[in-house]
Amino acid sequence: MADSSALAAKRYDSGSLSSVSMETISTLTELEDLEKVYQQLCVEEKEVEAQLDRLVGQEGAIHTKMLALQRMGPNLQLIGGDASQLSGMITFTCSLAENVSQKVRQLDLAKTRLYNVIQRADDILDLKFCTDGVQTALRNEDYEQAAAHIHRYLSLDQSVIELSRQGEESSAVDASLVLLQEAEQKLKVIVAEKLDEAVAAVDLAQVERFFKIFPLLGLHQQGLARFGQYLCSQLASKAEENLLLATGGDLGEKRALMIFADTLTLLLEGIARVIETHQPIVETYYGPGHLYILITHLQQECDRQAQKIVDKFILQRGYHNKFQIVQSSMMKSAPGERIEPRELDPVLAEVTLMNARAELYLRFLRRRIMADFEVGDAQSITQEHQQNVEKLLKHCALSTTMQELIGYYIPMEEYYMRESVNKAVAMDSYEKGQLTSIMVDDCFYIVKKCISRALSSSSIDCLCAMINHANSLLESDFREVLCNKLRQGFPATTLQDIQRGVSSAVSLMQSSLQQGKFNTMGIESTENAKAAFLVTLNNVEVCSENITTLKRNLENDCTKLFSQGFGSGEQAKIESCLSDLISTSTKFKDLLQEGLTELNTTAIKPQVKPWISSFLSISHNIEEEEFNDYEANDPWVQQLIVNLEQLMAEFKVALSPVIYDTLTSLMTSLISIEMEKTVLKCSFSRLGGLQFDKELRSLVAYLTTVTTWTIRDKFARLTQMATILNLERVTEILDYWGPNSGPLTWRLTPAEVRQVLALRNDFRSEDIKRLRL
Amino acid sequence: MARVRMSMEDYDYLFKIVLIGNAGVGKTCLVRRFTQGLFPPGQGATIGVDFMIKTVEIKGEKVKIWDTAGQERFRSITQSYYRSANALILTYDITCEDSFRCLPEWLREIEQYANNQVVTILVGNKIDLAEKREVHRQRAEDFADSQSMLYLETSAKESDNVEKLFLDLACELIREAKQNKLDNNDNDRPMPGEGKTISYLNCCSLT
Ligand SMILES: Nc1nc2c(ncn2[C@@H]2O[C@H](COP(=O)(O)OP(=O)(O)OP(=O)(O)O)[C@@H](O)[C@H]2O)c(=O)[nH]1
Ligand SMILES: [Mg+2]
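An unreviewed UniProt entry lists chain B under the name Ras-related protein Rab-30, from Menidia menidia. What UniProt records for chain B under Sequence similarities (unreviewed entry) is the sentence "Belongs to the small GTPase superfamily. Rab family." Under the UniProt heading Cofactor (unreviewed entry), the entry covering chain B gives this text: "Mg(2+)".

Per an unreviewed UniProt entry, chain A goes by the name Conserved oligomeric Golgi complex subunit 4 and belongs to Menidia menidia. In its Sequence similarities (unreviewed entry) section, the UniProt entry covering chain A states "Belongs to the COG4 family."

Quick look at the structure:
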């Protein structure tokens, strides 16, 4: 085998066609090997022969192909010639085209130059025309015409003019130019003088006439400044007149209260009217975007005049003085000089109205300025524009003065609110038959009034601040008042007194008298203390409701405000402040819950507990005779129901339906818990179980009628206990247990079931133990 | 716990942080650096108050940040926000001695208007202007110590310590809120009717 692989290796080395080379053959000595090689060669020979046959078979086809190729020879030569001819033609066409287009380019150039020449000629002609025209117009005092010529001259291409001066006509052009420049200067002076004259003469038609000429001379800023000055002086004299009327004249009492707000309104409306009137002329002759400049001029006068009004307001109303009194009386509780909240009413109303007017005016300005910018090009409202407008509107003296007034307003309004609420609390009373006392209504009336007043200022920050103050007043101070009232507690019930007998109450008083101190907690004052507690509970609930309502109403009011265009940031601010009211409302709800729990523990529990435990004294270890006897004379449950009815009657009339319902719910929970405890202490016969089942049914039926809450759930465990106590045999429980429980969900654990079963004196404990639960 | 609103809407805690301090010390820049990640060029003085809500990267807690105006005439607006604030960031400008000297006045305001569980942190801003520093770090630290306040120096411009300021504060607030939740019965200032163990005067002693 090793040899054969050596053979194979040799075969590739020799590179001969045959797989076996001559040298290999000549080295072979064994016959066996020779035969093997021979056989191999024979196979190879056969293969070669077959291959040869195949090749010979292909000869015909190859021959035909050769013939066809020979025939194609001459055609190919033809194609070669045609191709070189085509190439020549293309080269020629190409150079031709290049030639032509160069000429066209030259023509184009020539054409533009020609146009330029014509333009320049036109300009030079215009220049001449303008020069002549200006002179004539000036002579004729036709300033509009003169300005139009100057405008034409100013709009000429300066480089063209420069070029013209270098041409042959240079001296003529120079002369024209000099004339024109002189005329321009002259016209500028004249127009300025004329405008000043017109301003001095308060001749609006002439003022407007020359105002329109300024932009033609490229003097936009100057024109707007002078025109602004004119309008300002108009505004100033009108405003001074109005302020004089306001402070001097004899006014009706009603008008007098708001006179500064009215005067400010007149001023701002006057300016708004001026802007409205003159906007078209500015837009037409100065182009869009210039209104802003005019308004900055007007705003300066507005600031001056508004300041004067505010100064007078502060002086005459004693605004700062009032603020100082308020502040010092809020800082220290010691009685210094105090101010009646009522005295603040007019000034608070007036200052909010003033601010509202200023806000309205500033919104008007913003709208107008932005619209004017937009007319030009909406895109052209750059950030710089925006910032300028913001600066003008937010930082103008009118704004800052108003911010100062509002800064004083807020503590005064807060004082007004606190003092008025304190008064309402101090003067609290309630009428018999009413669920709540007047303090709650009064308090919310005041809070609403103060917040509404803040809202009417149109200042979001002012509104937010007052919402914050109102919230903190309600959450801390006012809640504290109610909380303290609840802390007084609910005194022992009359029923207990009756049970003890009036005589004992009398003896109690006598003993107090003997000790030399009369117990003020007499029967009457006990009644009062009770009523006070119950009324307070109602108050707390109404407060919680009122706060929610207040929030909802404020939200609606604010939606209206926002439709007038305030930023989304402002809205978010208000929403955040309003949302604090909700948590305050929740705190009142919590307080109510605590009060009710307290009432339940002090007034209901001590009564109900003995009534329930009296169940123990009624034997449920009974036979037929006693069962029938119970049937005729109910031993327990009817009395319990009567007692409960009496106990709750007092609360039913004195508490709001919602609170009463919650209290009843607390009571029913209490009953179910106490009943359970009691029943587990009893022992039952078969009929005793039946008796208990009857009693429980009556009780549940009664309780279902007194509350809207579901009772069945609370009594589920007891009902199941009754079912167990009612069984015939111990094993009967299995009919209801586990897979047989059907829709019934057991609330009792297996251990509890056994415990209840054991209450039946006829059930054997072995049977109970044996149960598989 | 007036300061923690539990499970309101979709967050467990919503902390209110209010920035106060003299005009121009950089309150608005700090807030905008933190909430928007930028240093606003040409920031104008704040009018009234501004506010934003931002989710802090600690367990998704949300903070409501109120940025107030430092100018005197807005003081009464600003004061109305103190009471419900969980934290106050009292800011001054390290390059402005005056803003530092006003701090006692601000502390008096806090004393008067804020609730007494408020967390106050003193912040010296603009530390990028080191060469113009007028208030030495040690001095500010001593002052903060004496008032038992936290102290941090920041630069809204270079974003130094800004993130840290708000995150530290949020951490502190969360820690306190949890603490409060645990022992809300022994509040240092028991709000009437708030704890579960309000004991009414027992009037049933007649029986
Ligand atoms: N270099 C430097 N400048 C700052 C930094 N923070 C704020 N400024 C600049 O200080 C100026 C006032 O910044 P504001 O953020 O507007 O100050 P403010 O405290 O909000 O001021 P009011 O709103 O008026 O109370 C602006 O010009 C800011 O560019 C800071 O970290 N470094
Ligand atoms: Mg600011």
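Having seen the structure, we can now continue with the description.
Okay, the overall build of chain A next. Scanning chain A for helices and strands turns up 28 helices and zero strands. Computed over C-alpha atoms, the radius of gyration of chain A comes to 55 Å, more than 25% over the 28 Å expected from 2.2 N^0.38 for 773 residues, which places it beyond the range of a compact globule. Once the C-alpha set of chain A is aligned to its principal axes, its extents read approximately 145 × 145 × 40 Å. For chain A, the exposed area adds up to about 41,500 Å²; of that, 56% sits on carbon and sulfur atoms.

Residue and element names in this part refer to chain B. Protein coordination at the magnesium ion (ligand 2) comes from Thr28 (OG1) and Thr46 (OG1), with a distance range of 1.9 Å. Linking threonine 28 in helix α1 (residues 27–36) with threonine 46 in the loop between α1 and β2 (49–55), this pair joins segments that are 18 residues apart in sequence. Here the two residues threonine 28 and threonine 46 agree in accessibility, since each one is buried.

Let us now look at the pattern of salt bridges. Think of it this way: side chains of opposite charge can pair up when their charged atoms draw near. All names here are of chain A. Going through the model one piece at a time under the given rule, you end up with 48 salt bridges over all chains. Residues aspartate 693 and arginine 697 are paired through a salt bridge, measuring 2.9 Å at the closest nitrogen-oxygen approach. On the criterion of helical spacing, the pair formed by aspartate 693 and arginine 697 is a turn pair, its members being four residues apart in helix α25 (residues 686–706). Classification of arginine 697 by relative accessible area gives exposed; the value is 57%. Overlapping salt bridges, with partners in common, bring together Asp345, Glu413, Lys449 and Arg453 in one network.

Attention shifts here to the side chain of B:Ser155. Residues and elements named next belong to chain B. Of note, serine 155 is situated in the loop between β6 (150–153) and α6 (162–182). Of the residues examined, serine 155 reaches a relative accessible area of 0% and is grouped as buried. Engagement of the side chain of serine 155 in a polar contact is seen with the side chain of aspartate 128, the distance being 2.8 Å. A polar atom in the side chain of serine 155 sits 2.8 Å from the backbone nitrogen of glutamate 158. Leaving out residues up to four positions away in the same chain, serine 155 has contacts with Asn125, Lys126, Ile127, Asp128, Asp160 and Val162.

Calculation criteria
- Residue positions are given per chain, counting from 1 as you read along its sequence in written order.
- Labels are handed out in written order, letters beginning with A for the chains and numbers beginning with 1 for the ligands.
- pLDDT decides what is reported in this predicted model: residues at 70 or higher carry local features, side-chain atom pairs at 80 or more are listed and counted, and totals for whole chains, interfaces and linings draw on all residues regardless.
- To obtain the side-chain values, all non-hydrogen atoms of the structure were used and water was disregarded.
- UniProt positions are given in the numbering used here, feature names are shortened, and annotations may be inferred rather than shown by experiment.
- Per the convention used, a helix needs a DSSP run of H or I reaching at least four residues, while a strand needs a run of E reaching at least two, with both numbered from the N terminus.
- For this measure, only C-alpha atoms enter the radius of gyration; the expected value for a globule follows 2.2 Å times N^0.38, where N is the number of residues.
- For the accessible areas, the method is Shrake-Rupley and the probe is 1.4 Å, while residue cover comes only from the protein chains on display.
- Excluding water, the donors of a metal are its N, O and S neighbours within 2.8 Å, or within 3.2 Å for Na, K and Ca, and that exclusion means sites may look incomplete.
- Only protein chains enter the calculation, and the probe is 1.4 Å; a residue is then buried if its accessible area is under 20% of its type maximum, exposed if over 50%, and partly exposed in between.
- Salt bridges are identified by distance alone: a Lys or Arg side-chain nitrogen within 4 Å of an Asp or Glu carboxyl oxygen.
- For the purposes of these results, a polar contact is taken to be a pair of N or O atoms within 3.5 Å, where, inside protein, one atom must be able to donate a hydrogen and its partner to accept one; residues adjacent in sequence count only when each atom of the pair is a side-chain atom.
- Working rule for contacts: check all heavy atoms of both residues, and any pair within 4.5 Å makes them a contact.

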